[in-house]
Amino acid sequence: MKKEDTKAANKHVSTSTSLDDEQRVKVLSPGAMVARRFFRNRLAMVGLIIIICMFLFSFLGGMLSPYREDQVFRKTDSVLKDYVGTTKNNSYRLIPMEGKTLPSSISAGLERAVSAGEESFEANDTTYYLTEEGEEFYSILGGSQIATALALRGDYRFNENEGTTLSDQAKEAISEAIDNEEPTAEADGVEYQISQKGRQYQISVVEELGMATKRVFSAASENNELSYDFQFAVEKAIDAGESEVEIDGITYELDSDNDGESVMVFKDGEEYAYISYYVMNLIQSSDFLSLDLRREIERAVAAGESSFVFANEDGTEETYRIQSRDNQYTIRKYTETYLNDTYASPSKEHWLGTDGNGMDMLTRLMYGGRISLLIGFVVIVIEIVLGMLIGGIAGYFGGWIDTVLMRVVDIVICIPAMPLYLILGSVMDYLQVDPQLRIFMLCLILGLISWTTIARMTRGQILSLREQEFMIATEATGIRVSRRILKHLIPNVIPQIIVISTMELGSVILMEATLSFLGLGVKFPYASWGNIVNAVNDSYVLTNYWFVWIPAGCLILLTVLGFNFVGDGLRDAFDPKMKR
Amino acid sequence: MKKFIIRRLALSVVILFFVTFIIYSIERCLPSSFVETKARTMSEKPGAKPYNELVDELNAAYGLDKTIIPGYFHWASQAIRGEFGDSWEWNQPVTEKFGEVIWYSFAVGVIAFILQVGIAVPLGILAARKQYSKIDYGVTIFALIGISLPSFFFATLLKYVFSIKLGWFDLYGVVGRMHEQLSPIGQILDIAKHLVLPIATLLIVQMGSLMRYTRTNMLEVLNADYIRTARAKGLPESRVINYHAFRNTLIPIITILANQLPGLFSGALITETLFQIPGIGYTSYQCLTKGDIPFTMFYMTFIAFLTLMGTLLADILYAVVDPRVRVN
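Because the structure is a prediction, the values reported are computed rather than measured.

### Concerning the overall build of chain A
Counting secondary structure elements, chain A contains 18 helices and 18 strands. Against the globule reference of 25 Å for 580 residues, chain A gives a C-alpha radius of gyration of 46 Å, more extended than a compact globule. A principal-axis box enclosing the C-alpha atoms of chain A has dimensions of 145 × 70 × 35 Å. Counting every position in chain A, which comprises 580 residues, the buried fraction comes to 44%. The contacts of chain A with a sequence gap of at least 6 include a subset with a gap of at least 24, amounting to 61%. Computed over 51 positive and 79 negative side-chain charges, the inter-centroid distance for chain A is 29 Å.

### Here's the deal with the packing of aromatic side chains
Applying the stated criterion across every chain, the model contains 33 aromatic pairs over all chains. Seen in terms of ring centroids, A:Phe517 and B:Phe152 are 4.3 Å apart; in terms of plane orientation they differ by 15°. Their pairing is stacked. Here A:Phe517 is found in helix α15 (residues 481-517), whereas its partner B:Phe152 is found in helix α7 (residues 151-165) on a different chain. Across this residue pair, the class does not change: A:Phe517 and B:Phe152 are buried. Ring centres of A:Tyr540 and A:Tyr545 lie 5.9 Å apart, and the angle between their planes is 75°; on these two criteria the pair is classed as edge-to-face. The exposure class assigned to A:Tyr545 is buried, which follows from its relative accessible area of 18%. Three or more aromatic residues joined by ring pairs form one cluster here, namely B:Phe17, B:Phe18, B:Phe21, B:Tyr24, B:Tyr72, B:Phe73 and B:Trp75.

### Notes on the domain arrangement of chain A
Note: interface size is frequently given as the accessible area lost on complex formation between the parts. All names here are of chain A. Per the domain assignment, the segments making up chain A are domain 1 (32-72 + 353-578), domain 2 (91-212) and domain 3 (215-339). Just the C-alpha atoms count here: the centres of domain 2 and domain 3 sit 36 Å apart. The interface of domain 2 with domain 3 comprises 14 residues on the first partner and eleven residues on the second. Of the roughly 1,000 Å² buried between domain 2 and domain 3 on both sides combined, carbon and sulfur atoms contribute 57%. Among the residues domain 2 hides against domain 3, the three largest losses belong to Arg93, Phe137 and Met211. Together they make up 43% of the total. Where domain 2 packs against domain 3, one counts zero salt bridges. At the surface where domain 2 touches domain 3, the tally comes to zero residue pairs in polar contact (both at pLDDT 80 or more). Within the residue set of the side of domain 2 that touches domain 3, elements represented by two or more residues are β2 (93-96), β4 (126-134), β5 (137-152) and β9 (200-213). Considered class by class, the residues forming the side of domain 2 that touches domain 3 number five nonpolar, three polar and six charged.

### A closer look at unusual backbone geometry
With a phi angle near 50°, A:Gln432 is a residue other than glycine that sits in the positive phi range. Here A:Gln432 is to be found in the loop between α11 (417-431) and α12 (435-449). Judged by its relative accessible area of 68%, A:Gln432 falls in the exposed class. Not every positive phi belongs to a glycine, and B:Tyr132 is a case in point at roughly 65°. Here B:Tyr132 lies in the loop between α5 (94-129) and α6 (134-148). Judged by its relative accessible area of 29%, B:Tyr132 falls in the partly exposed class.

### Some thoughts on α6(B)
For α6(B), built from 15 residues, the straight-helix expectation of 21 Å at 1.5 Å per residue is met to within 8% by its first-to-last C-alpha distance of 21 Å. Along α6(B), the residues classified as buried are B:Asp136, B:Val139, B:Thr140, B:Ala143, B:Leu144, B:Gly146 and B:Ser148. Residues of α6(B) that are buried sit in contact with α4 (42-64), α15 and α18 (546-574) of chain A together with α5 and α8 (184-222) of chain B. The residue sitting at the N-terminus of α6(B) and contributing the capping side-chain oxygen is B:Ser133; that oxygen lies 3.3 Å from the backbone nitrogen of B:Ile135.

### A closer look at a nonpolar patch on the surface
All names here are of chain B. Among the surface-exposed residues, Val14, Phe17, Phe18, Ile68, Ile69 and Phe73 lie close enough to one another that they form a single nonpolar patch of about 510 Å² accessible area. At the level of elements, α1 (2-29) and α4 (68-80) are the ones that each hand at least two residues to the nonpolar patch. Position of isoleucine 69 relative to the elements: it lies in helix α4. Judged by relative accessible area, which is 48%, isoleucine 69 ranks as partly exposed.

### A few points about the nonpolar core
Soluble, globular proteins show a tendency: their nonpolar side chains are buried together. In this structure, A:Ile375, A:Leu446, A:Leu518, B:Trp75, B:Trp88, B:Phe152 and B:Ile293 are the most contacted members of the largest nonpolar core, which totals 123 residues. Among the elements that make up this core, the one with the highest residue count is α18(A) (twelve residues). In this view, A:Leu518 contacts A:Met418, A:Leu422, A:Asn534, B:Ile270 and B:Tyr285; residues no more than four positions away in its chain are not counted. Residues B:Ala128, B:Leu219, B:Val240 and B:Leu264 belong to the second largest nonpolar core, which totals 24 residues.

### Focus on α4(B)
Residues and elements named next belong to chain B. Here α4 contains 13 residues, and its C-alpha end-to-end distance of 18 Å stays within 8% of the 18 Å for a straight helix at 1.5 Å per residue. Turning to α4, its buried residues number three or more, namely Gly71, Tyr72, Trp75, Ala76, Gln78 and Ala79. Projected onto a plane normal to the axis of α4, the buried residues spread over an arc of 165° and lie on a single side. As for α4, its buried residues are in contact with α1, α3 (51-62) and α13 (293-321). Following α4 by one or two positions, glycine 82 has its phi on the positive side, about 80°.

Reading the values: the criteria
Residues numbered from 1 in each chain as written. Chains lettered and ligands numbered in written order. Predicted model: local features only at pLDDT ≥ 70, side-chain atom pairs only at ≥ 80, totals over all residues. Heavy atoms only, no water. Helix = DSSP H or I, 4+ residues; strand = E, 2+ residues; numbered from the N terminus. Rg over C-alpha atoms; globule rule 2.2 N^0.38 Å. Buried < 20%, exposed > 50% of the residue type's maximum accessible area, 1.4 Å probe, protein only. Contact = heavy atoms within 4.5 Å. Lys, Arg positive; Asp, Glu negative; His and termini not counted. Charge placed at Lys NZ, Arg CZ, Asp CG, Glu CD. Phe/Tyr/Trp six-rings, centres within 6.5 Å; stacked < 30°, edge-to-face > 60°. Domains from an automatic or database assignment. Buried area = accessible area lost by both parts, 1.4 Å probe. Salt bridge = Lys/Arg side-chain N within 4 Å of Asp/Glu carboxyl O. Polar contact = N/O pair within 3.5 Å; in protein donor to acceptor, adjacent residues only side chain to side chain. Nonpolar A, V, L, I, M, F, W, Y, C, P; charged D, E, K, R; others polar. Expected span 1.5 Å × (residues − 1). Patch = residues over 30% accessible without salt bridge, like charges linked within 9 Å, V, L, I, M, F, W, Y side chains within 5 Å. Areas by Shrake-Rupley, 256 points an atom, 1.4 Å probe, with all protein chains shown as cover. Core = buried A, V, L, I, M, F, W, Y, C linked by side-chain atoms within 4.5 Å. Arc of directions from axis to C-beta.

Listed below in structure tokens is the structure:
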């Protein structure tokens, strides 16, 4: 507020009583005077421009932005991922025959039997027999149950499994064996084993179940599975040192190197299978490990290299890294992965980069502004309604009503607001209140706590206005009470209300931002300036991504500053005497 | 004067009664599943009491088996004796934990308060003396920025510039890594160094309103008739300002400062949390977000009490320094 303005405005009172045009022009209505004083105030104008810009930014910007508030941007990036796990095989692998099963639980017993040089071992209540076929290569025989026999008054009823029939001689031999309590019976050159379970006898026949070897077989392509016969015959051939093997009329050529450490099997001159001592597991099972890569990995692992280069099917060279731990090797490879574009630096597409969820920062700021400003206005409306009502009643009626209402105001002022918000926020967290409902609750609570400033101010104003002559005049002329309040009291309080609510608006926005920053106000997926700055709780973000938190903080500062400038300017404009 | 003080005191007791009743009702209104879940989580921490004991203690302390009004009197009679139960988060009596942490908050608060008065009052007076000058605009803008700054953002900004970019201070905490090895004086200096940023945050955020308040009141005083008289008498300008004007400006300033005085104990919740200073603010923030009901209730009662004390102190001091108030 400039001194000259006041002088100019007051000039017409002082000089002459004549009303010439020159002086008449200078007389302005009180409203126009206020407006003129306001628009002459530089700080207030700056504040007004800031607020208008914020509204345009939030409401218009949100509409113009090509992105949505919760649109997640994704990108492809090459990430070092585990590709293959490998280790040199030191234990026997069980390969069952087609149609037979070899439970993996027997492998411990098998290892024990092999190291002790025994020919049989017990596992799962069954006896298994080992036949050494070659070096570290055994075929496993075991009883497989074919029938049960039930003792009935000295006779036996046989119950055969599907697909098997016991000849009469066999039945006779078995019955005899049971009577003599012998564990085995022989008939037609087949040995039957008998074990008792209550009144029931299980008859099983010993047959070949599969083989155990330390070598690992892998096929050259996904489609051909290596048959048991093939694996058995190739094992035999390797041990015998043969370079050719014939299975089912097809001749396979064997090519072994490293003293039989690894063997390549060719069928019709093409690679068919590969046998070595390395177990390899693809981490992503959808892929197929080609034999060439398998051999390359083996070579690199055996040589103790930490990385190697291998050309894939398209001929492009890829670098693989090897990590070793306790003889376990992990081969890692840069893989193209589709992931959220988090904390991207500012670019043409994203002017302020992206946040931790891969959402466009600028768009989030626009929508956050909407929420922050809307919350501010809703809270202020609640405050004005409550504050004017209670303050007005207290001021106008006075007496005991005034006393009671003002004590209520005192009590509300004493309620600790911040701890209350925090505990309510954590209750809402616990109840998993819907984020939208949370925003409404936030408005309500903020409004219910902070109406006291307006109530006190309204009461003070009305108390002083009540004593003034014009109010006595309204009473003397017999104007209705409602008209007195609405027409004569309220308009005189309005200027103060406008000033104080503009200032309060700033502090409400500040409060909302603080609560959202603490993670208790507006929640994801909704954006608010406060919860955008919340990302700095991660020191890494604080240190490395300024564009995530500085713009949001500056927007809060500017908006609140704008409201304070305007409030200040309005106060000066309404009440030039105070010159505050 | 005596009558005035007694009246104010009696009124404060009545208000305190209602405020604590509201706080007690808030506790009663918390969903019981929330309280039980929090008690269960807390009881699983090492050294914590078993769950049943926690809930039984809570029921006993708040008279949850009684209806709300007898329950309140039961709780109030214990609270008045300072028995607020054991904190779930810290496994020790609430008041004991409070006694441990309050001094950090008080130290930060007092230093910030003294600096605030020392800087804001002279600047406010300066701005009022040179109204509409560049200094005035500078002070006004500075004060308004201080009022408008979100303290969490300003604290983060300070951390970013001074801790990360310049590396002058630590990001968190109140003692350095080598604290134990330092000499006693070194230890104090170490703590002082860690308190620089939090105090700066509090200072900037709080200073604005005091600065503007001083300026407004000084302007009002400078327009008063007795100042014109003093000038007309031919007193030197320095005496007019420092003696006649300043003493009259002090009246409203003293009342507003008296209002703030009890607040020195309440702790700056946000600032302490951001810098992880183990004062009452940070401690209660942890309790509030983790649902430590006994501590929360204590803290809320404590804050309400402090606010009330502030108003009371301001009222009484106002009557003391301004004889005009006593007459009415």
